[in-house]
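This is what each chain is made of:
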Amino acid sequence: MIEWTPALSTGNELLDEQHKAIFRWLAELDSAAAQERTLFGAYAITRLKNYTRSHFAAEEALLKATGYPGLEEHMAEHETFRARLAELHLKSIGEDISADTVKFLTDWLTNHIARSDMAYAPYLKKPR
Ligand code: FEO
């Protein structure tokens, strides 16, 4: 089952809510892939692409405002994912979303939140 868990909490309410929404779109994508619902799959991956884009922008703005020292590296990870997701989105126009695609996206986002997003969590809590 694809869902956000408290173990992935960064302690920042806004970012956690955005991460939860990302997992909801991953679950929708998974459901569309399992049921071979082509149009819904294309819709879900479009929403996931747009949502992650706006989440990354919000997260990067917050990290920039707090002077997070790992910002450049973090932004590079986001860019790598954005490019890969754009390719998969394009591919979804011609064929159904595969289980491998859903697994790749879920694994990438889970690992990114668990490691890279967690790395900034203590920093956001620091008094400035
Ligand atoms: Fe929450 Fe770095 O993405």
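Parameters and conventions
- Residues numbered from 1 in each chain as written.
- Predicted model: local features only at pLDDT ≥ 70, side-chain atom pairs only at ≥ 80, totals over all residues.
- Heavy atoms only, no water.
- Helix = DSSP H or I, 4+ residues; strand = E, 2+ residues; numbered from the N terminus.
- Buried < 20%, exposed > 50% of the residue type's maximum accessible area, 1.4 Å probe, protein only.
- Contact = heavy atoms within 4.5 Å.
- Salt bridge = Lys/Arg side-chain N within 4 Å of Asp/Glu carboxyl O.

(A) Looking closely at the environment of Trp-4. Relative to the elements of secondary structure, Trp-4 occurs in the segment before helix 1 (13–34). Overall, the relative accessible area of 18% leaves Trp-4 in the buried class. What Trp-4 contacts, discounting residues up to four positions off in sequence, is Ser-9, Asp-16, His-19, Lys-20 and Phe-23.

(B) Fine view of unusual backbone geometry. In this model, Glu-36 sits at a positive phi of 50°, which is unusual for a non-glycine residue. Tracing the backbone shows Glu-36 in the loop between helix 1 and helix 2 (38–65).

(C) Structural context of the pattern of salt bridges. Applying the stated rule across the entire model yields 5 salt bridges. Between Glu-87 and Arg-84 there is a salt bridge, with its nearest N and O atoms 2.7 Å apart. Linking Glu-87 with Arg-84, this pair stays in helix 3 (residues 71–94), spanning 3 residues, or about one helical turn. By relative accessible area, which is 35% here, Arg-84 ends up partly exposed. Of the charged contacts, one joins Lys-103 and Asp-107 as a salt bridge, the two residues approaching to 2.5 Å between their closest N and O atoms. Of the two residues, Lys-103 and Asp-107 are both situated in helix 4 (residues 99–125); the distance of 4 residues between them amounts to about one turn of the helix.

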